[in-house]
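Descriptive analysis of the structure
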Amino acid sequence: MTPRLARTALLLLSWSSAAQLALATTWTVDLAGGPGAQFTQIADAIAAASDGDVIVVRPGLYNQFSLDKGLEIRAEPGAAARAVVRLQNLASSQRASIRGLQVVTLHVTNNLGPVVLEQLSIYSDPALIPFSSSEHLRIDACADVRVQRSNITSPGGQRGMEAVYVFDARVEFVECTLSAQAGKASATGDGGQGGHGLLVDDHARVHFVRSSTLGGVGGAASGAGAGGEGGDGIHVAGASEVIVAGLALDSVVGGAGGAASSCALSGRGGDGIELVGSCELRTSSVTLAGGASCSQSGLALESPLGTVVTPLPPDPVLTVTPPPSGSSMALFTLHAAPGTSAELFLGRRTLLSPSVNTEIELLAQHARRIDFGVVPASGVVQRSVKLPPNTFVVGQVDALLSAGDFRRTNSCVVFR
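Presented here is an overview of the structure given in this document. (Residues numbered from 1 in each chain as written. Predicted model: local features only at pLDDT ≥ 70, side-chain atom pairs only at ≥ 80, totals over all residues. Heavy atoms only, no water.)

1. What about the overall build of the protein chain?
We count it as follows: Here a helix means four or more residues in a row that DSSP labels H or I, a strand means two or more in a row labelled E, and each is numbered from the N terminus. Computation of the radius of gyration draws on C-alpha atoms alone. For the globule rule, the value is 2.2 Å times the number of residues to the power 0.38. The cut-offs for exposure are 20% and 50% of the maximum accessible area for each residue type, with area from a 1.4 Å probe on protein chains only; residues under the lower value are buried, those over the upper are exposed, and the others partly exposed. By the convention used here, residues are in contact when the closest approach between their heavy atoms is within 4.5 Å. What sets the accessible areas is the Shrake-Rupley method with a 1.4 Å probe; for residues, cover comes only from the shown protein chains. A residue counts as positive if it is Lys or Arg and as negative if it is Asp or Glu; His and the chain ends are not included. Where a charge lies is defined by one atom per residue type: Lys uses NZ, Arg uses CZ, Asp uses CG and Glu uses CD.
What the protein chain contains, in helices and strands, is 3 helices and 34 strands. Computed over C-alpha atoms, the radius of gyration of the protein chain comes to 22 Å, within 12% of the 22 Å expected from 2.2 N^0.38 for 416 residues, which places it in the range of a compact globule. C-alpha extents for the protein chain along the principal axes are approximately 70 × 60 × 40 Å. Burial status across the protein chain gives 55% buried among its 416 residues. Across the protein chain, contacts joining residues at least 24 apart in sequence account for 67% of those joining residues at least 6 apart. Per element, the accessible surface of the protein chain, about 15,500 Å² overall, is 54% carbon and sulfur. Looking at the protein chain, you have 28 positive and 34 negative side-chain charges, and the mean spots of the two groups are 8 Å apart.

In structure tokens form, the structure reads like this:
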């Protein structure tokens, strides 16, 4: 089954029961070989582990590794991996997750099973790891990838690389921050183009929720050279679909145009969102803005041929605050139009089931129902939910608007 066909399958399941989680083995990786550790490198732990196991990674700078099993890699603060980390070739019966790790470049490719990336820091730290020479996060030919509460940014470097590239994949970003690299400066010619914050291509489908992205600044030029163009906040091509939902404080902004010796030679600012060809965009509430430029600022939205839908009322969005250390209570927050009737559904399985009556797929197992009631005038409802220990939970809200329109939110994933 190809990834595109897998995205239309009725169900994509993760580990299906608490019993399976209880049977999992926990392995510990410690670069210093401290007490209780079985390995000093992540790759060695992966080789020994079986589907369903957990690998705990203590602080340290580890060698690159490839993950091709249904494992959870749980990194403690201060754990980082150099070079390129790969998560690839999962079968539809496997689910893999990487949590809390700092990496330079992560390639997620050819996965039929669901992938969860949570609280990652994907960026180049020049004090520890050289700058990346490719996109910091590349997702290619995957059926179901969920990226939550992660920062993917380039604090330095001038290679004009995208922060994230999604190609032929279904991806959900929730509470993420993306920032692309600046274009290369030039003392003898034109400056390079800044990277796009998010590049979506080849029939990909992306749901971008309560997240922000910034295109890279165009490279500066000296003499008679022209400044480079700023990168787009989101650049959409190849008949892809993008759904952007959130609040006004969430932003999609193009990078500023590159400076030059005169205003006329400065680069054009990047667009907030640019649709190339027959792509589709659905956008709610998020602030869109073009990048600044002395000569020509970018557009908030450029879509000469694409289809753009702005639903009214805006699409509802769901976020979660995981239980703090020592607590079992997760806080779910729904933003929706006042008067909306809402129900939160929780389960231990990720699903991907297309719906005929609403834009967003069924993404969570309906194992437990929590009534959110009717959304008040503030547009915000919160519920604290007690979670059992050693639990993976995915939640999604079904929302019935006052006018009778049915919508679903994004999903939220919680590990405890």
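Okay, back to it.
2. Here's the deal with the side chain of Thr340
Inclusion rule: In the analysis that follows, any N or O atom pair within 3.5 Å is treated as a polar contact, provided that within protein one partner can donate a hydrogen and the other can accept it, and provided that, for residues neighboring in sequence, both atoms belong to side chains.
For Thr340, the position within the fold is in the loop between strand 27 (329–335) and strand 28 (341–347). A distance of 2.7 Å separates a polar atom in the side chain of Thr340 from the backbone oxygen of Ala337. In this structure Thr340 touches Gly373, Val374, Val375, Ala399, Leu400 and Leu401, once residues within four positions along its chain are discounted.

3. Structural notes on the pattern of salt bridges
Where we set the bar: Salt bridges are defined by distance alone: a side-chain nitrogen of Lys or Arg within 4 Å of a carboxyl oxygen of Asp or Glu.
Counted under the stated rule, the structure contains 19 salt bridges. Measuring nitrogen to oxygen at the nearest pair gives 2.9 Å for the salt bridge that ties Arg205 to Glu361. Of this pair, Arg205 sits in strand 16 (residues 205–209) while Glu361 sits in the loop between strand 29 (350–353) and strand 30 (362–364); the two residues are 156 residues apart in sequence, bridging distant segments of the chain. Residue classification places Arg205 among the buried residues on the basis of a relative accessible area of 13%. We note a salt bridge from Arg369 to Glu343, for which the minimum N-O separation is 2.5 Å. Within this pair, whereas Arg369 is found in strand 31 (residues 368–374), its partner Glu343 is found in strand 28, the two being separated by 26 residues in sequence. Exposure remark for Arg369: the relative accessible area of 47% places this residue in the partly exposed category. Salt bridges sharing common partners tie together Glu72, Arg74, Arg99, Glu118 and Arg149.

4. Let's talk about the state of the cysteines
Note the following rule: By disulfide we mean two sulfur atoms from cysteines, separated by a distance within 2.5 Å.
Enumeration over the complete set of coordinates arrives at 1 disulfide. Here Cys263 is linked by a disulfide to Cys294, with a sulfur-sulfur distance of 1.9 Å. Between Cys263 and Cys294, the disulfide has an S-S torsion of -120 degrees and is therefore left-handed. Taken together, the residues Cys263 in the loop between strand 20 (251–253) and strand 21 (273–275) and Cys294 in the loop between strand 23 (287–289) and strand 24 (301–302) connect sequence positions 31 residues apart. A relative accessible area of 52% means that Cys294 is categorised as exposed. Cys176 forms no disulfide, and the closest cysteine sulfur to it belongs to Cys412, at a distance of 11 Å. Look at Cys176 and you get buried, because its relative accessible area is 2%. Residue Cys279 stays outside any disulfide, its sulfur separated by 19 Å from that of Cys142, the closest cysteine.

5. Some thoughts on the nonpolar core
Here is the rule: Nonpolar cores are built from buried Ala, Val, Leu, Ile, Met, Phe, Trp, Tyr and Cys residues. Side-chain atoms within 4.5 Å join them into one set.
Counting residues in each nonpolar core, the largest one holds 58 residues, and the members touching the most others are Leu117 and Phe173. Apart from the residues lying within four places of it in its own chain, the contact partners of Phe173 are Leu137, Val147, Val164, Val166, Leu198, Val206, His207, Phe208, Val209 and Ser211. Counting residues in hydrophobic clusters, the runner-up holds 24 residues, among them Leu334, Phe372, Cys412 and Val414.

6. Brief notes about the sheet that holds strand 28
What counts here: Between any two strands, at least two bridges found by DSSP are needed for them to pair. To obtain an axis, a line is fitted to C-alpha atoms, over the contacting stretch when the element is a helix, and the angle between two such axes runs from 0 to 180 degrees between their N-to-C directions.
Ordered in space as 31-28-33-34, the 4 strands form an open sheet in which the pairing is antiparallel. With one partner strand each, in any of the chains shown, strand 31 and strand 34 (406–415) form the two edges of the open sheet. If you compare each strand with its neighbour and ignore which way they point, the axes differ by 20 degrees on average.

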